[in-house]
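Spelled out, the chains give:
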Amino acid sequence: MTSGPGGRCDPADLENRLRAVVGRPNVLTDRDVTVSYETDWTRRFSGHARCVVRPGTTEEVAEVLRACSAAGVPVVVQGGNTGLVGGGVPAGGEALLSTTRLRALGDVDPVAAQVTVGAGVTLAALQRHVRPHGLDLGVDLAARDSATVGGLVATNAGGEKVIRHGSMRAQVVGLQAVLADGTVLTRLTGLPKDNTGYDLVSLLAGSEGTLAVITAVRVRLVPVLAARTAALLALDGTATALAALAVLREQLPAIEGAELFLATGLDVVRRHTGLPAPLPGEHPAYLLVEVAGRTDPTGELLVALEEVSGLDGVRDVVLASDGPGRERLWRYREAHTEAVSAEGVPVKLDVAVPVGRLADVVAVLPDVVTAAAPGARTVVFGHLGEGNLHVNVLGVAGDPVAEHAVEEAVLRAVAAEGGSISAEHGVGRAKVEWLSLTRSDAEIAVMRAVKGALDPAGLLNPGVLLPR
Ligand code: FAD
Ligand code: MLT
Ligand code: ZN
């Protein structure tokens, strides 16, 4: 552990000091260039950064943070800028620290099934690096080409394989991170057993850039399971999707994905992609499941589907076990995000509800939304196995009163069911006002104490996760 000298510095001189640390080309101040860092993926959140700084090593990150601390300038941390809650873009006036040059790829350790990579490595680059070794990351999501490993950890991302492997926190066995004052914390040994006090690695998972800048991550890897079969079921509603999933879970130990989408979402996807209907006819709900193993799992999936097809409300099913066929089925689910955004700027509410309440919640959500904002359109899809719904509301963004009314109505409804206002995207700036709906005063006080201990001056991502 090393710590820096600190010492006050004139804020007006900050950019020159940063240029001395990372080199002139890596301190951006030209608006034409910085603008692409200043708006989030949804186009809902944006703010002006006083500069964008792109350190290339952990030591440079530490020097950058020392300089910003000395100048009293707050810092926003950004990875791939695919976050959906506005946590990685400035509110106004911060220095934006981009991690995209932290791209080191360590050797894959096949015995431990672990690898250490820089925080700015994208998920797709990590996949390309480890798959030739017969290993894979247990987390996958549609933003893989841009989302960074540091961002995945900072948001404790979930995605499409949580049902089998858990969220990002469960994949992280070590990391390196820099506190606001430049102190470097290094814990990269990846020991599977290590009970020596507070688990700082876990603490930083889901901290959304408010506690430290993650510069490197050691992840555990899972075997590549090349034998895969996907099935898309057409159903009469969400309750049937849950009943089908219960049967499949009981019969199939190897379920790797269980995704829900509805007729409204399928319409939007087909309009955007031009894809044909996945199955003949129109159906209220669809369940996409994938099973994976070392040997072809199609036979056991067919046996389980036989029982599922006996359930009331199961209307049709299509299977795919070849790569292109599976990708075609997944496209209907993965294209939801871009297709919804193509129809307008959405208010995106990622929530979790107890699975026992999920069907009722899905049924009432469109009415909850239109009661708050008449004329708004709701598109719901999500990760069924975790009761994780993505509630996308179109037609209100840009109208602050309507946006607020929709957020309040949906998040209160979810909280009333014993759910969470954020399942996997985080709190960011988008939900900071609503944190107390599902976190007690005592919990928020503890979070503030942790923040105060690691970042006493409140310089890292101010206004994100915790109310100012
Ligand atoms: P950014 O957007 O740059 O940042 C996100 C947050 O992490 C910010 O608060 C930022 O300050 C902080 N941060 C980033 N890097 C660091 C770092 N090195 N150190 C400290 N803090 C840091 N999310 C899911 O969970 N599941 C999904 O299935 C999913 N699918 C998606 C599909 C699409 C098409 C898109 C656009 C997004 C999706 N997301 C999903 C959301 C997003 O991809 C994840 O939140 C991802 O983890 C963000 O990574 P990023 O590198 O883009 O982070
Ligand atoms: C997804 O599951 O597709 C994502 O979390 C992105 C979204 O909510 O749009
Ligand atoms: Zn998701």
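Note that the structure is a prediction, hence the values are computed from the model and not measured. (Residues numbered from 1 in each chain as written. Chains lettered and ligands numbered in written order. Predicted model: local features only at pLDDT ≥ 70, side-chain atom pairs only at ≥ 80, totals over all residues. Heavy atoms only, no water.)

1. Looking at the sheet that holds strand 8 (residues 184-187)
Strand order across the open sheet formed by 4 strands is 5-9-7-8, with antiparallel pairing between neighbours. What marks the edges here is a single partner per strand, and that holds for strand 5 (114-118) and strand 8. Ignoring which end each strand starts from, the neighbouring axes of this sheet average 15 degrees apart. In this structure, strand 7 (residues 172-178) lies alongside strand 8, joined through 4 bridges in antiparallel fashion. Across the sheet, residue Q176 finds its bridge partner in strand 8, namely T186. Each of strand 7, strand 8 and strand 9 (213-220) is contacted by helix 3 (residues 58-71), which is oriented at about 45 degrees to strand 7, the strand it contacts most. (Pairing = 2+ DSSP bridges. Helix = DSSP H or I, 4+ residues; strand = E, 2+ residues; numbered from the N terminus. Axes fitted to C-alpha atoms, helices over the stretch in contact; angles between N-to-C directions. Contact = heavy atoms within 4.5 Å.)

2. As for the site of ligand 1
With respect to spatial proximity, 36 residues lie near ligand 1, and among them V77, G79, T82, G83 and T148 are the closest. G159 has a polar backbone atom sitting 3.3 Å from a nitrogen atom of ligand 1. For ligand 1, whose free accessible area comes to 970 Å², the fraction covered by protein is 96%. Among the elements of the structure, strand 3 (75-78), helix 5 (149-155) and strand 9 are those that each provide at least two residues to the shell around ligand 1. Examining the composition of the shell around ligand 1, we find that 5 residues originate from one element, helix 5, more than from any other. A class-by-class count of the residues in the shell around ligand 1 yields 14 nonpolar, 20 polar and 2 charged. (Near = heavy atom within 4 Å. Polar contact = N/O pair within 3.5 Å; in protein donor to acceptor, adjacent residues only side chain to side chain. Areas by Shrake-Rupley, 256 points an atom, 1.4 Å probe, with all protein chains shown as cover. Nonpolar A, V, L, I, M, F, W, Y, C, P; charged D, E, K, R; others polar.)

3. Comments concerning helix 8 (residues 238-251)
Under the 1.5 Å per step criterion, the end-to-end length of helix 8 is 20 Å for 14 residues, consistent within 8% with the ideal 20 Å. Among all positions of helix 8, only T238, T240, A241, L242, A244, L245, V247 and L248 are buried. (Expected span 1.5 Å × (residues − 1). Buried < 20%, exposed > 50% of the residue type's maximum accessible area, 1.4 Å probe, protein only.)

4. Some details on the layout of surface pockets
Empty space among the atoms becomes visible once a probe the size of a water molecule is rolled across them. What the second largest pocket holds in volume is close to 640 Å³. Surrounding the second largest pocket, 30 residues form its lining, R169, G206, R439, M447 and L465 being those nearest its centre. Looking at the lining of the second largest pocket, the elements that each hand over two or more residues are helix 5, helix 7 (200-204), helix 15 (435-438) and helix 16 (441-454). Per-element tally for the lining of the second largest pocket: the top contributor is helix 16, with 5 residues. Of the residues that make up the lining of the second largest pocket, three or more belong to each of domain 2 (114-223) and domain 4 (345-449). (1 Å grid on protein atoms, 1.4 Å probe; cavity = no way out; pocket = protein on both sides within 12 Å on 5 of 7 lines; lining within 4 Å. Points joined across faces, edges and corners; volume = space filled by probe spheres on them. Domains from an automatic or database assignment.)

5. Things to note about the packing of helix 1 (residues 14-22) against helix 3
Between helix 1 and helix 3, whose axes approach to 9 Å, the crossing angle comes to 165 degrees. With respect to each other, helix 1 and helix 3 are oriented roughly antiparallel. For helix 1 against helix 3, the interelement crossing comes out right-handed. On helix 3, the residues touching L14, R17, L18, V21 and V22 of helix 1 are E60, E63, V64, A67, C68, A70 and A71. Across the contact of helix 1 with helix 3, the residue classes break down as 9 nonpolar, no polar and 3 charged. (Parallel < 35°, antiparallel > 145°, perpendicular 65-115°, else oblique. Left-handed = near helix turned anticlockwise from the far one by under 90°.)

6. Structural notes on the coordination of the zinc ion (ligand 3)
Geometry reference: four tetrahedral donors at a metal, ideal angle 109.5 degrees. Six octahedral donors, ideal angles 90 or 180 degrees. At 1.9 to 2.1 Å from the zinc ion (ligand 3) lie its protein donor atoms, namely H383 (NE2), H390 (NE2) and E424 (OE). Read in sequence order, the donor residues for the zinc ion (ligand 3) give the motif H-x6-H-x33-E. With H390 in strand 17 (residues 388-394) and E424 in the loop between helix 14 (400-416) and helix 15, this pair connects stretches of sequence that are 34 residues apart. Residues H390 and E424 agree in their burial class; the two are buried. (Donors = N, O, S within 2.8 Å, 3.2 Å for Na, K, Ca; no water.)

7. Brief notes about the sheet that holds strand 17
The strand order 14-11-13-12-16-17-15 describes an open sheet built from 7 strands, whose pairing is antiparallel. Both edges of this open sheet fall to strand 14 (314-320) and strand 15 (347-352), since each of them pairs with a single strand only. If you compare each strand with its neighbour and ignore which way they point, the axes differ by 15 degrees on average. Strand contacts of helix 11 (residues 323-334): strand 11 (227-235), strand 12 (255-262), strand 13 (285-293), strand 14, strand 16 (377-383) and strand 17, with the helix running at about 45 degrees to strand 11, the strand carrying the most contacts.

8. Regarding the pairing of strand 13
Counted residue by residue, strand 13 has 9 buried out of 9 residues, so it is predominantly covered. Inspection of the sheet shows strand 11 paired to strand 13 by 9 bridges, in the antiparallel sense. Counterpart to L232 in the pairing with strand 13 is L288. Here strand 12 runs beside strand 13; their pairing, made up of 7 bridges, is antiparallel.

9. Side note on the packing of aromatic side chains
What the rule picks out here adds up to 1 aromatic pair. Considering the side-chain rings of F261 and Y286, the 5.2 Å spacing of their centres and the 15 degrees angle between planes classify their relative orientation as stacked. Placement of the pair is F261 in strand 12 and Y286 in strand 13, with a sequence separation of 25 residues. With respect to class, F261 is no different from Y286; both count as buried. (Phe/Tyr/Trp six-rings, centres within 6.5 Å; stacked < 30°, edge-to-face > 60°.)

10. Some words on the confidence of the model for the chain
When the pLDDT values of the chain are averaged, the result is 96; 99% of them are 70 or greater. Here residues 1-6 is modelled with pLDDT under 50, and outside its nearest four sequence neighbours on either side it reaches 15 contacts, counting other chains as well. (pLDDT = per-residue confidence, 0-100.)

11. Describing the environment of V379
Structurally, V379 is set in strand 16. With residues near it in sequence (within four places) discarded, V379 still touches G265, V268, H336, V340, H390, V391 and N392.

12. What about empty space enclosed by the protein?
The full count for this structure, using the stated rule, is 1 cavity of 30 Å³ or more. Taken as a whole, the largest cavity encloses approximately 30 Å³ of empty space. G159, E160, K161, V162, I163, E256, G257, A258, E259, H383 and E386 together form the lining of the largest cavity. Within the residue set of the lining of the largest cavity, elements represented by two or more residues are helix 6 (162-165) and strand 12. The biggest single contributor to the lining of the largest cavity is strand 12, with 4 residues. Counted by class, the lining of the largest cavity contains 3 nonpolar, 3 polar and 5 charged residues. For the lining of the largest cavity, the domains that each give at least three residues are domain 2 (114-223) and domain 3 (227-337).

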